[in-house]
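Coordinate analysis (summary)
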Amino acid sequence: MTSDYAVLAEDLTKFYGPRRGIEGLTLGVEPGEVMGFLGPNGAGKTTTIRLLLDFLRPTRGRATVLGLDPRRDKATLHGRIGYLPGELAFPGRERAADLLRFLGDARGGVAWSRVTELAERLDLDLTRPVRAMSKGNKQKVGLVQAFMHQPALLVLDEPTSGLDPLMQQEFLAMVRDARAAGQTVFMSSHVLAEVQQVADRVAIVRDGRLAAVERVESLGRRAVRSVEIHFADPVDPGEFAGLPGVGDVTVSGPVLKCTVDGRLDPLIKAAARHEVVDLLSAEPDLEETFLSFYYHSEGAGDATRAGA
Amino acid sequence: MLPALVRKTWRDDRRALAGWAAGVAAFTVIYTSFYRRFQGAAEMKQDALPKGMLDFLGIADMLSAAGYLQATVFSLIGPLLLLMCAITLTARTIARPEEDGGMELLLVNPVSRRAFAGQRLAATGTAVTAVAAVPWVLLMVIVPAVGMQIPLSRVSAAAFGLVALVWCFTGIAFLVGAATGGRGMVLAVTGAIALATYLANAVSGMAGAWGWLRWLSPFHYFIGTDPLHTGWHPAELLVLVAAGAATTVAGVVLFDRRDIGV
């Protein structure tokens, strides 16, 4: 069974002393699949990734990557993985080109044309020292080194962090190309929107536990957005709490905050009875809506069982 | 072709290495080339300093060539410089990249953990050895040139002792870094051991009751045998080499077992 998965975690658990990193993670990533690994900061995403790469050793359970044991087969395995660290720091003070040449040589040689092609794609100047680069450019160097040897598995920790929107789109295109080439991608993120665009499935972690694994198609319907309305005068929360699709209403003086599931119309009609100063509507934030949905529903399930 | 990691380690350390090599070379050349001019002054200095102080500084006499060489290059500043070089550079093998985050991209190289640690230390170890051998190479030229009457084989014995001493402390520094991943830890622990064992050796020479302390001190195995007067002492030198080797092996094993970058 193990060799059927590109990544397989079985009851994977890591405690740092008493502090929980990840607990009881059981998850399989199919070969050729793009899996998003979602969760708020501190949920255990990076811990999981470091376990897969054998930087950390599990407290319990085990991981199998490309059918190999991360510890015993480290040498073989790391030649077949492209890894982008979440906290990206580069060894040495050399130019990007020299650093990439070293990383390429270490992996048994990478065609230089492949490196320059990726650098062009990401609009990255390889002649500059990596240390002097902006966060976004460092991230591009990180991406180039992860993709350049065309590894069977890409493990990317917060890959779009620091990239501007145009480069984020280019990165997503690189992920699509990787999938088309049969590579497996396991990428962590705390932004639902970017993962939605490329992933086949998403796994959601919260507080060190796997909350859900879903196909991406079934995610879109849960588009709950958060809305904030600033009125000229204080308003009564009761006016808004009962509206269809409106939830989590909080009012502090003239400012109303709530979530809206579905159409905005009922809320707008109700708000129009007052003088509106400002209206802010944000894309659903993963932390606020999607994750809390799973978190609360899980919690509710436990409560029900406890009561029965 | 050397492993990419070894070449990378040298490249990252090249400035520090050049600096240390230049510093050690300058120190060796400046001190020894004063030999002739120093002869008169040495007599005064010898008389001015109390005997206890001279013993503590590891200076037997400053009048003979061997005494002068021992007092200048081999007693305090020479070992101090080289140990600082060895400890700070060895702290770079594992502890520093682990602290500043560069470790992850180094460690994803397709080699085993043990091979990784071994290659890092091999690179730094050879570089540090080269710096530690600078006095040796220079003294082979300077000693005859300034007319010091010491057989070169004895100078070699002392100079090799310096290299072996550096190996010993490189091993200790590597062990601390590989086991803890803390740069401050490497500098503090290894520095404290160096200081404590230096004092142990110095004190043991002065107070008879504490004579046994010297057996615990790497400095005793390096210079306590008085190589400039008595030549090679393979057994003592072997102790230093063995200590370096044992700490290296322990470091590799512990690095292989622990979590990285927590």
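Refer to the preceding data block for the structure.
Note that the structure is predicted; figures quoted are calculated from it, not measured. (Residues numbered from 1 in each chain as written. Chains lettered and ligands numbered in written order. Predicted model: local features only at pLDDT ≥ 70, side-chain atom pairs only at ≥ 80, totals over all residues. Heavy atoms only, no water.)

1. Concerning the overall build of chain B
In terms of helices and strands, chain B carries 14 helices and zero strands. Along the chain direction, N to C, the helices and strands of chain B fall in the order α-α-α-α-α-α-α-α-α-α-α-α-α-α. Looking at chain B residue by residue over its 262 residues, the buried ones come to 51%. Once local pairs closer than 6 in sequence are excluded, the contacts in chain B between residues at least 24 apart make up 76%. When the accessible area of chain B is evaluated, it comes to approximately 10900 Å², of which 70% is carbon and sulfur surface. (Helix = DSSP H or I, 4+ residues; strand = E, 2+ residues; numbered from the N terminus. Buried < 20%, exposed > 50% of the residue type's maximum accessible area, 1.4 Å probe, protein only. Contact = heavy atoms within 4.5 Å. Areas by Shrake-Rupley, 256 points an atom, 1.4 Å probe, with all protein chains shown as cover.)

2. Quick word on the overall build of chain A
Scanning chain A from terminus to terminus reveals ten helices and 13 strands. Considering only contacts in chain A between residues 6 or more positions apart, those separated by 24 or more positions represent 67%. Element-wise, carbon and sulfur atoms account for 50% of the exposed surface of chain A, whose accessible area totals about 13700 Å².

3. What about the interface of chain B and chain A?
A common way to express how large an interface is: the accessible area buried when the components associate. Contact residues are listed per partner, giving 26 residues for chain B and 31 residues for chain A. Note that Glu94(A) is salt-bridged to Arg11(B), the shortest N-O span being 2.9 Å. Run the count over chain B and chain A and you get 17 residue pairs in polar contact (both at pLDDT 80 or more). The set of elements that each furnish at least two residues to the side of chain B that touches chain A consists of helix H1 (4-33), helix H7 (103-107) and helix H14 (234-257) of chain B. Considering each element in turn, the side of chain B that touches chain A owes the most residues, six residues, to H1(B). Taken together, the residues that form the side of chain B that touches chain A break down as ten nonpolar, five polar and eleven charged. (Salt bridge = Lys/Arg side-chain N within 4 Å of Asp/Glu carboxyl O. Polar contact = N/O pair within 3.5 Å; in protein donor to acceptor, adjacent residues only side chain to side chain. Nonpolar A, V, L, I, M, F, W, Y, C, P; charged D, E, K, R; others polar.)

4. Structural notes on the pairing of strand E5 (residues 81-84) of chain A
Residues and elements named next belong to chain A. Residues Ile81 and Tyr83 line one face of E5 and the alternating positions Gly82 and Leu84 line the opposite face, and both faces are buried. Two strands pair when backbone bridges link them, and E5 and strand E6 (residues 153-157) are joined in this way by four bridges, in the parallel orientation. Opposite glycine 82, over in E6, you have leucine 154 as the bridge partner. (Pairing = 2+ DSSP bridges.)

5. Considering the side chain of Asp54(A)
As for its position among the elements, Asp54(A) is in the loop between helix H1 (45-52) and strand E4 (60-65). Setting aside residues no more than four positions away along its own chain, Asp54(A) makes contact with Pro70(A), Arg71(A), Lys74(A) and Arg113(B).

6. Some words on the packing of aromatic side chains
Residues and elements named next belong to chain B. Tallied over the entire structure, the rule returns twelve aromatic pairs over all chains. Centroid distance tryptophan 136 to phenylalanine 160: 6.1 Å. Interplanar angle 70 degrees. Geometry classified as edge-to-face. Placement of tryptophan 136 in helix H9 (residues 134-145) and of phenylalanine 160 in helix H10 (residues 152-180) is noted, with a sequence separation of 24 residues between them. Classification of tryptophan 136 by relative accessible area gives partly exposed; the value is 24%. (Phe/Tyr/Trp six-rings, centres within 6.5 Å; stacked < 30°, edge-to-face > 60°.)

7. Side note on the sheet that holds E4(A)
Residues and elements named next belong to chain A. Spatial strand order, E2-E1-E4: three strands in an open sheet with antiparallel pairing. Looking at strand neighbours, the two that pair on one side only are strand E2 (19-29) and E4, the edges of this open sheet. Here the average twist between neighbouring strands, direction ignored, is 20 degrees. In this sheet, E2 lies alongside strand E1 (residues 7-16) in antiparallel orientation, the contact comprising seven bridges. Following the sheet pairing, leucine 12 is matched in E2 by leucine 25. (Axes fitted to C-alpha atoms, helices over the stretch in contact; angles between N-to-C directions.)

8. A few points about the sheet that holds strand E9 (residues 209-215) of chain A
All names here are of chain A. Read across the open sheet, the six strands follow the order E5-E6-E7-E3-E8-E9; overall the sheet is mixed. Unpaired on one side and paired on the other, E5 and E9 mark the two borders of the sheet. With direction set aside, neighbouring strand axes in the sheet form an average angle of 15 degrees. Pairing between strand E8 (residues 201-206) and E9: six bridges, direction antiparallel. Bridge assignment links valine 205 to a residue of E9, and that residue is leucine 210.

9. Section: a nonpolar patch on the surface
Residues and elements named next belong to chain B. Among the surface-exposed residues, Leu195, Leu199, Val203, Trp210, Trp212, Trp215 and Leu216 lie close enough to one another that they form a single nonpolar patch of about 760 Å² accessible area. Within the secondary structure, leucine 199 sits in helix H11 (residues 183-206). On the basis of relative accessibility, which here comes to 35%, the residue leucine 199 falls in the partly exposed class. (Patch = residues over 30% accessible without salt bridge, like charges linked within 9 Å, V, L, I, M, F, W, Y side chains within 5 Å.)

10. Remarks on the pattern of salt bridges
Within this structure, the stated rule accounts for 25 salt bridges over all chains. A salt bridge links Glu23(A) to Arg209(A), with the nearest nitrogen and oxygen atoms 3.4 Å apart. With Glu23(A) in strand E2 and Arg209(A) in strand E9, this residue pair connects regions lying 186 residues apart in the sequence. Residue classification places Glu23(A) among the buried residues on the basis of a relative accessible area of 14%. Each member of the salt-bridge network shares a partner with another, and the members are Glu94(A), Lys8(B), Arg11(B) and Asp12(B).

11. So, the side chain of Arg114(A)
All names here are of chain A. Secondary-structure assignment places arginine 114 in helix H4 (residues 112-121). The class of arginine 114 is buried, set by a relative accessible area of 15%. A polar contact of 3.1 Å, which involves the side chain of arginine 114, links it to the backbone oxygen of phenylalanine 147. Those residues within four positions of arginine 114 in sequence are excluded, and the remaining contacts are Phe147, Met148 and Gln150.

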